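Each chain, written out:
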Amino acid sequence: MNSADLISMEKLCYSIGGRKILEDFDFCLERGVNRTILGVSGAGKTTILKLLLGLLQPDSGRVCIGETCITGVPESRFMELRKRIAIVFQGGALFDSMTVGENVGYRLFEEGRLSHAEIERIIREKLSFVGVEAALDLYPAELSGGMKKRVAIARALASNPDYIFFDEPTTGLDPIGVYNICNLILRLQSAGTTTLMVTHDLATAFSTSQRFTFLHQARMVFEGTEVQMKASDIPEVREFLQPTDQSLFV
Ligand SMILES: Nc1ncnc2c1ncn2[C@@H]1O[C@H](COP(=O)(O)OP(=O)(O)OP(=O)(O)O)[C@@H](O)[C@H]1O
Ligand SMILES: [Mg+2]
């Protein structure tokens, strides 16, 4: 099996209903370099994550996990590599009819490779890591927004992925909730997980990532560090970092 030390997009084009969402988009996520994709609402950030996972197929260009090109290939052919990547969706996407524990163990139960006792152990370990072990038997409807996000992270962790993609992990949380989630992401990174985040929350982005990609009108207009981004003279980047009265009418 190929290693997956690089996840990349090459000259990727993707449109919906004739509207270009991505055009000639090149992107690279290296193992060990935590990255955030920034851009205004509707820019195409969530779409990029779905394309990287092979959940959407591009119009042209290709996505590679390691040396394996996954574009136009049946999912069964890249399933093993795909398991090294987990995603925490924008809304958490927990199954309402399952308990927290069942949600976290869902994929492991489906795979049927591990014993019930071993899956139970993993569920408790992951819930403990995110600090919500006490919620094991509760249903998603009984949880706060912050707890739901933690459970969604525990579910992503269940298969010990090398990469975790986070879609707006702190949106809608109070400052303490934001702090806790950022802290959790930093702990994951220390434990060797590479993170790719999409967000428009700058504080979350800067506290958890080393490199930044800025998406504007279907293209990557900036790639670099926080310092480089803050010193950038690209008008769209400056406007995003420091909106003005004019920005209201953009
Ligand atoms: N299934 C769909 N049908 C039609 N348009 C869609 C669909 N999915 C996404 N879009 C459009 O594609 C564009 C990119 O959507 P995407 O969800 O990737 O944006 P985003 O940058 O993640 O936005 P946000 O920050 O609000 O989450 C948006 O303009 C959206 O309206
Ligand atoms: Mg989105």
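It should be emphasised that the depicted structure is a prediction, and the values quoted were computed from it without experimental measurement.

Trainee: So what exactly am I meant to see when it comes to the packing of helix H3 (residues 100-111) against helix H4 (residues 116-130) here?
Mentor: A pair of packed helices can be characterised by two numbers: the angle between their axes and the separation between those axes. One can describe the packing of H3 onto H4 by two numbers: an axis separation of 9 Å at closest approach and a directional angle of 130°. Comparing the axis directions of H3 and H4 gives the class oblique. Seen along the crossing, H3 lies across H4 with a hand that is right-handed. Between H3 and H4, the residues in contact are Gly101, Val104, Gly105, Leu108 and Phe109 and Ile119, Ile122, Ile123, Lys126 and Leu127, respectively. Its residues assigned to classes, the contact of H3 with H4 comprises 7 nonpolar, 2 polar and 1 charged.

Trainee: Help me understand the site of ligand 1, please; the structure alone is not making it clear to me.
Mentor: Close to ligand 1 lie Ile16, Ile21, Gly39, Ser41, Gly42, Ala43, Gly44, Lys45, Thr46, Thr47 and His200. Looking at the shell around ligand 1, the element that brings in the most residues is helix H1 (residues 45-52), giving 3 residues. Within the shell around ligand 1, the residues separate by chemical class into 3 nonpolar, 7 polar and 1 charged.

Trainee: How do you make sense of the nonpolar core when you look at a structure like this?
Mentor: Across soluble globular proteins, you tend to see nonpolar side chains buried next to one another. Of all hydrophobic cores here, the largest spans 62 residues; its most connected members are Val151, Ile153, Ala154, Ala156, Ile164 and Phe165. With 7 residues, helix H5 (residues 145-157) is the largest single contributor of residues to this core. For Ala156, the residues in contact, after removing those within four places along its chain, are Ala86, Ile87, Val88, Pro161 and Ile164.

Trainee: Before we go on, may I ask you to explain the sheet that holds strand S3 (residues 35-38) in this structure?
Mentor: Overall, mixed pairing links the 6 strands, which are arranged S6-S7-S8-S3-S9-S10 in an open sheet. On the outer flanks of this sheet lie strand S6 (85-88) and strand S10 (219-224), each paired with one strand and no other. Each neighbouring strand pair of the sheet contributes to a mean axis angle of 15°, computed without reference to strand direction. In this fold H5 packs onto S6 and strand S7 (163-167), with an angle of close to 170° to the strand it touches most, S6.

About the cut-offs
Residues numbered from 1 in each chain as written. Chains lettered and ligands numbered in written order. Predicted model: local features only at pLDDT ≥ 70, side-chain atom pairs only at ≥ 80, totals over all residues. Axes fitted to C-alpha atoms, helices over the stretch in contact; angles between N-to-C directions. Helix = DSSP H or I, 4+ residues; strand = E, 2+ residues; numbered from the N terminus. Parallel < 35°, antiparallel > 145°, perpendicular 65-115°, else oblique. Left-handed = near helix turned anticlockwise from the far one by under 90°. Contact = placed C-beta atoms within 7 Å. Nonpolar A, V, L, I, M, F, W, Y, C, P; charged D, E, K, R; others polar. Near = placed C-beta within 6 Å. Core = buried A, V, L, I, M, F, W, Y, C linked by C-beta atoms within 7 Å. Buried ≥ 20, exposed ≤ 12 C-beta atoms within 10 Å, placed from the backbone. Pairing = 2+ DSSP bridges.

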